[in-house]
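Now for the letters of each chain:
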Amino acid sequence: MKRFAWPAVGLIGRIFAILLLTVVIEFGASTLLYERASQFSVREDEARRLAEHLVIARKLIGEGRRADRPAIAARLTTDRYGIGWSPDRESLSRLAPRLNEMRQQVVSWEPQLANGQLQLRLESPGRQPRVIGQIALADGSWMQFSTLHPLGGLDLSIERVLLALVPALALLALGAALLRQTLFPMRRLAEAADEFGTGKARGPIEEMGPSEIRRVITAFNSMQQRIDSLIADRTEALAAVGHDLRTPLARLRLRADAIAADDVREEIATEVAEMDAMIASLLAYLGGESDPETPRRIDLAELCASLVDAATDLGHDVAYRGPDHLDAAVRASSLRRAIGNLIDNATQFATRVVVTLIALDDHVRIVVEDNGPGIPAAQIDRVTQPFVRLDPARARDTKGFGLGLAIVQRAVQAEGGTLTLGNRSVGGLSATVTLPRRC
């Protein structure tokens with residue numbers, strides 16, 4: 001559906017135009033309602049009763065002395081009509097609609113009222129309506145009158161409220177639609193920013209909307225392009241650095257194999273392996289944002305069990321608890337690296353590690369527990385930050401850059417899950433990975 005093309009005006013101008021439009025429509029609707037009020041009519045018997053009462057009251061007040069006229073008017077007041085007298089003409093509110101059709105009905109029954117400048121008004125339209133009016137006497141004074149109860153056909157409180165609600169609701173819907181259309185580019189920009197923040201770039205956003213929003217979209221597109229370019233350059237640089245660093249390490253590993261002394265050869269091989277692991281963790285962390293891996297369905301139980309078996313083959317006491325099979329859609333390589341980092345981290349500081357896989361209705365939980373020294377409670381929030389190593393709680397000769405848990409955190413967040421670290425009551429650390437269950 002093609003959207004309405006606004007002129008190239010600013011956000012403030014558009015909001016002002018919307019408000020101006022609603023005011024104009026409201027004014028027109030109110031004017032129409034007031035004009036329609038002048039066309040209301042009453043039943044014939046009620047118009048006749050009002051006409052007869054006015055003729056009698058006018059005659060009696062006109063024949064009485066001026067000093068007695070207020071008292072006469074009071075005696076002529078009934079439970080249906082109120083009568084008053086004034087030596088001068090009173091000004092009826094111009095905001096009260098004139099009842100032209102009702103006046104014609106009254107005059108048609110009593111034509112003599114036509115020469116008395118009969119005036120009728122509808123008081124308080126939209127609430128309980130009341131007819132007020134006045135008519136001139138022969139000596140130039142005026143008799144005022146009003147209905148004390150709504151006449152038949154004029155009890156319009158509910159009807160007029162409903163009529164007044166119709167334009168109000170229409171204006172509300174129209175204003176909401178126009179404001180929604182005006183702010184639509186901002187919603188698209190927010191969605192694009194969220195997607196870009198999670199690595200789901202979808203290209204430049206179409207520049208649309210008010211001039212202020214267009215400038216914001218232009219700046220966002222430029223920023224997105226610069227960031228994409230920086231990430232691409234960094235990825236290429238990391239690939240080149242990784243290749244350049246691993247090439248001499250490979251040569252060093254080959255030369256170490258030729259060393260006759262077993263202790264020296266093993267020490268050099270250990271150092272080379274540690275350097276290789278450090279480079280791998282650094283590349284995994286810095287290159288993770290550009291990882292093109294997409295989720296695919298795998299067996300989480302098999303993944304956890306294979307990682308446990310690999311750690312067991314290295315001589316560590318690691319056990320697996322959980323189902324034999326559990327399918328879920330995840331990024332297999334990054335999740336394998338994340339769970340592997342948790343197991344490696346646990347085996348460095350503990351003698352016993354247990355990996356537990358729990359399947360719940362809407363999510364999956366992977367818990368890695370160890371019997372090591374744990375982490376000081378005040379440092380748990382810092383341990384997932386990159387390049388942080390808690391030397392007071394961990395050995396100072398641990399390998400790596402301190403990126404293991406940071407890589408786990410990023411991989412779990414990419415799956416839409418959470419990583420929770422906590423110390424066990426019986427001693428040791430518990431790392432819980434909670435993932436949404438997507439099959």
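Residues numbered from 1 in each chain as written. Predicted model: local features only at pLDDT ≥ 70, side-chain atom pairs only at ≥ 80, totals over all residues. Heavy atoms only, no water.

As a further point, take the overall build of the chain. Along its length, the chain carries 10 helices and 11 strands. Taken across its 439 residues, the chain has 39% of its residues classed as buried. A separation of at least 24 residues holds for 64% of the contacts in the chain among residues at least 6 apart in sequence. Of the accessible surface of the chain, which amounts to about 25,200 Å², a share of 57% is contributed by carbon and sulfur atoms. (Helix = DSSP H or I, 4+ residues; strand = E, 2+ residues; numbered from the N terminus. Buried < 20%, exposed > 50% of the residue type's maximum accessible area, 1.4 Å probe, protein only. Contact = heavy atoms within 4.5 Å. Areas by Shrake-Rupley, 256 points an atom, 1.4 Å probe, with all protein chains shown as cover.)

A few words now on the sheet that holds strand β6 (residues 318-321). Strand order across the open sheet formed by five strands is β6-β8-β9-β11-β10, with mixed pairing between neighbours. Each of the sheet's edge strands pairs with one partner strand only, and the pair in question is β6 and β10 (418-423). Taking the axes of each pair of neighbouring strands and ignoring which way they run, one obtains an average angle of 15 degrees across the sheet. Looking at chain direction, β6 and strand β8 (residues 353-359) are connected through four bridges and run parallel. Considered in β8, the bridge of Ala319 is made with Val354. Contacts from helix α8 (residues 300-313) reach β6, β8 and β9 (363-370) within the one sheet, and its direction differs from that of β6 by about 165 degrees. (Pairing = 2+ DSSP bridges. Axes fitted to C-alpha atoms, helices over the stretch in contact; angles between N-to-C directions.)

Ordered in space as β1-β4-β3-β2, the four strands form an open sheet in which the pairing is antiparallel. What marks the edges here is a single partner per strand, and that holds for β1 (81-86) and β2 (119-123). Across the sheet, the axes of successive neighbouring strands diverge by a mean angle of 20 degrees, strand direction being ignored. Of the pairings in the sheet, the one linking strand β3 (residues 130-136) to strand β4 (residues 142-147) comprises five bridges and is antiparallel in character. Note on β4: the bridge partner recorded for Gln134 is Gln144.

The subject of this paragraph is the pattern of salt bridges. Counted according to the given criterion, the structure contains eight salt bridges. Close ionic contact of Asp317 with Arg352 constitutes a salt bridge, the shortest N to O distance being 2.5 Å. Residue Asp317 is found in the loop between α8 and β6, and its partner Arg352 is found in the loop between α9 (332-349) and β8; the two are separated by 35 residues along the sequence. Relative accessible area serves as the criterion here: at 39%, Asp317 is assigned to the partly exposed category. Since its relative accessible area comes to 30%, Arg352 is described here as partly exposed. (Salt bridge = Lys/Arg side-chain N within 4 Å of Asp/Glu carboxyl O.)

You can see Ser141 is positioned in the loop between β3 and β4. The buried category is assigned to Ser141, whose relative accessible area is 0%. Counting along the chain gives 55 residues from Ser141 to Ser86, while the straight-line C-alpha distance between them is 6.2 Å. Setting aside its immediate chain neighbours within four residues, Ser141 contacts Arg66, Arg69, Trp85, Ser86, Pro87, Ile135 and Ala136. A polar contact is formed between the side chain of Ser141 and the side chain of Arg69, at a distance of 3.0 Å. A distance of 3.0 Å separates a polar atom in the side chain of Ser141 from a polar atom in the side chain of Trp85. (Polar contact = N/O pair within 3.5 Å; in protein donor to acceptor, adjacent residues only side chain to side chain.)

Another point: α8. Compared with the 20 Å implied by 1.5 Å per residue over 14 residues, the 20 Å span of α8 between its first and last C-alpha is a close match. For α8, the complete set of buried residues consists of Leu300, Ala301, Leu303, Cys304, Leu307, Val308 and Ala311. Summarising the axial view, the buried residues of α8 lie within an arc of 170 degrees, below the 170-degree limit, and thus occupy one face. Looking at α8, the residues exposed on the side facing more than 90 degrees away from the buried face are Glu302 and Asp313. Looking at the buried side of α8, the elements it contacts are β5 (296-299), β6, β7 (327-330), α9, β8 and β9. The residue sitting at the N-terminus of α8 and contributing the capping side-chain oxygen is Asp299; that oxygen lies 3.0 Å from the backbone nitrogen of Ala301. The first or second residue beyond α8 is Gly315, which carries a positive phi of 95 degrees. (Expected span 1.5 Å × (residues − 1). Arc of directions from axis to C-beta.)

Axis separation between α8 and α9 bottoms out at 10 Å; the angle between their running directions is 40 degrees. In terms of axis orientation, α8 runs oblique to α9. Crossing of α8 against α9: the hand is right-handed. Across from Leu300, Leu303, Ser306, Leu307, Val308 and Ala311 in α8, the residues of α9 making contact are Ala332, Leu335, Arg336, Ile339, Gly340 and Ile343. Looking at side-chain class alone, the contact of α8 with α9 contains nine nonpolar, two polar and one charged residues. (Parallel < 35°, antiparallel > 145°, perpendicular 65-115°, else oblique. Left-handed = near helix turned anticlockwise from the far one by under 90°. Nonpolar A, V, L, I, M, F, W, Y, C, P; charged D, E, K, R; others polar.)

Of all eight residues that make up β9, six are buried, and the element is covered over most of its length. For β8 and β9, the ladder comprises seven bridges, and the chain directions are antiparallel. When the bridges of β9 are listed, Val355 appears paired with Val368. What sits between the antiparallel neighbours β8 and β9 is a turn of three residues. Here β9 pairs with strand β11 (residues 429-436) via seven bridges, running antiparallel.

On to the packing of α9 against helix α10 (residues 404-414), then. Close contact between α9 and α10 brings their axes to 9 Å; oriented N to C, the two are set at 140 degrees. By the angle between their axes, α9 is oblique relative to α10. As α9 packs across α10, the resulting crossing turns out to be left-handed. For the pair formed by α9 and α10, the contact residues are Ser334, Arg337, Ala338, Asn341 and Leu342 on the first element and Gly404, Leu405, Ile407, Val408 and Ala411 on the second. Among the residues making up the contact of α9 with α10, the classes are represented as six nonpolar, three polar and one charged.

Along the chain, Glu415 falls in the loop between α10 and β10. When its relative accessible area of 2% is taken as the criterion, Glu415 is described as buried. In this view, Glu415 contacts Ala329, Val330, Arg331, Ser334, Leu435, Pro436 and Arg438; residues no more than four positions away in its chain are not counted.

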